[in-house]
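These are the residues of each chain, in order.
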Amino acid sequence: MQVSEKISRRSFIKRTSAAIFVLAAGGTMWRAFDQGVFSTGKGEAYEPWSTEAASEAAGPLLLVHYAILASNPHNTQPWLFKITDSYIDLFADEERNLGTIDPLRREMFIGIGCALENLTLAAQANGYIPRIDYFPNNQDNTYVARVHLDRGEKKISSLFEIIKKRHTHRGAYDTAKVISPSLLTELQKLSLDEKNVNIKWFTSNSEKQAVGEAILSATKAITEDEEMSTDSHKWFRNSWDEIQEKKDGLTLDAQGASSWIRAMGKILPTLSRKQSDDFWLKSTKEIYIKTAAAYGLLSVQNAEDRQQRVRLGRVWQSLHLHGTSKGLAMHPLNQINEMADRETQLNSKRHFRNKLEELVGHSDWNGLFIFRLGYPLEEVHISPRREIKNILI
């Protein structure tokens, strides 16, 4: 009887342990499915990137399909469109601003400029001659542009063909690959049509160190500012359901991390704001800065001119599209600008504004946009986009 009892007890422990393992594995697998581990880039939130979505539209509506795939701050998609047969009006959606992260609306208007560039490229590719009136109503600061659509010949540019392949890449870049001076010159030429926009490159180790240290310091300052941290964190989408419902914001899939890290990030409990800030600060130091092959700084002559901000956005979009066609990854790192804007908002000490002026190095230019570039190590995935019906006036 004693032997039988021992065997029975031992068998029970084994079976119980196996059952617990199966239940745990089953629970993990269920959460993996529930959080979209096996559904990257799928669902309604990602349909605007599909060929089918654009093919169902025609005329001016088709142009908006391409416009909304543009780069924009925190994937807030701060735009609204009014469509007619002969023109498209483009408006800023103030309800989708970043608050204390973008108190002067610098990033919002740059993002809208990106959408305007995509719209213009799509218009030319679909047999229109676009003519742009910037801010046609002085009484309405949200009325960014009217794009007149005259009929003409189709002009399909290489930039248009890359619109659906362009994505912001927040992952690591290949530190063994240097960007050639000739490619930087190619990128530089894209701004020549915008006389009020200037590009400055930072490519040497000493130059990159100076930019990187300033970015890291600004990132730390943002995480220590409770309002800025909160306003930034609210745009992170932490669950599959939230992504499909809101169709905007920053997602784990769009961070450029490995599939394993992305899977674990979805399965594990949602990070708190403090944990997210710590992760962002660590990523800035160990990935963004450490692996940047170069930095670019876009400047305008009048930082307060809304039209120059929009035009700078058009240049940024062109740079990103051309870089993508050459195998480059790009990633905005505007923490210095965000802190400089915050200092202006609070009328506080000019620490980051002075640092920005040092990086620009010329009194005739005002730095508005900083980004890193390099050759990516991992594939990056698409970001969600709102449905067309929700952005039309």
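All residue numbers refer to position in the chain's written sequence, counted from 1. The predicted origin of the model limits local features to residues at a pLDDT of at least 70 and limits the giving and counting of side-chain atom pairs to 80 or more, whereas totals for whole chains, interfaces and linings rest on all residues. Note that water and hydrogens are dropped before the side-chain values are worked out from all heavy atoms of the structure.

A.B. asks: Just give me the short version of the overall build of the chain, but keep the residues and values in it.
C.D. replies: Going along the chain from the N terminus, every DSSP run of H or I of four or more residues is numbered as a helix, and every run of E of two or more is numbered as a strand. Scanning the chain from terminus to terminus reveals 13 helices and 8 strands. Under the scheme applied here, a residue whose accessible area is under 20% of the maximum for its type counts as buried, over 50% as exposed, and between as partly exposed, the area being computed with a 1.4 Å probe on protein chains only. With 393 residues in all, the chain has 52% of them scored as buried. The contacts in the chain between residues at least 6 apart in sequence include a share of 77% that link residues at least 24 apart. Under the convention used here, a 1.4 Å probe and the Shrake-Rupley method define accessible areas, while residue burial counts only the protein chains that appear. Within the structure as shown, the chain displays about 19,000 Å² of accessible surface, and the carbon and sulfur contribution to it stands at 51%. Throughout, a contact is declared for two residues whenever any of their heavy atoms are within 4.5 Å.

A.B. asks: Quick rundown of helix α11 (residues 306–325)? Include the residues and the values.
C.D. replies: In a helix, the anticipated span is given by 1.5 Å times the number of residues less one. End to end, α11 covers 29 Å across 20 residues, agreeing with the expected 28 Å (1.5 Å per residue, within 8%). In terms of burial, α11 is a largely internal element, 16 of the 20 residues being buried. Here a polar contact is recorded for every N or O atom pair within 3.5 Å, except that within protein the pair must consist of a potential hydrogen donor and a potential acceptor, and residues adjacent in sequence are included only if both atoms are side-chain atoms. The N-capping residue of α11, defined by a side-chain oxygen 2.8 Å from the backbone nitrogen of Gln-307, is Asp-305.

A.B. asks: A description of helix α7 (residues 226–233) should follow, citing residues and the corresponding values.
C.D. replies: Those residues of α7 not exposed but buried are Met-228, Ser-229, Asp-231, Ser-232 and His-233. You can read the cap of α7 off the contacts: a side-chain oxygen lies 3.1 Å from the backbone nitrogen of Glu-227, and it is on Asp-225.

A.B. asks: Tell me about the sheet that holds strand β8 (residues 366–374), residues and numbers included.
C.D. replies: At least two DSSP bridges between two strands are required for those strands to pair. In space, the 4 strands of this open sheet follow the order β5-β6-β8-β7, with antiparallel pairing throughout. Here the strands that pair on one side only, and so sit at the sheet edges, are β5 (197–202) and β7 (329–332). Each neighbouring strand pair of the sheet contributes to a mean axis angle of 25°, computed without reference to strand direction. Note: strand β6 (residues 294–300) against β8, 7 bridges, orientation antiparallel. In the strand pairing of β8, Ala-294 is matched with Leu-373. Interaxial angles span 0 to 180 degrees and are taken between N-to-C directions of axes, which are lines fitted to C-alpha atoms, for helices over the stretch in contact.

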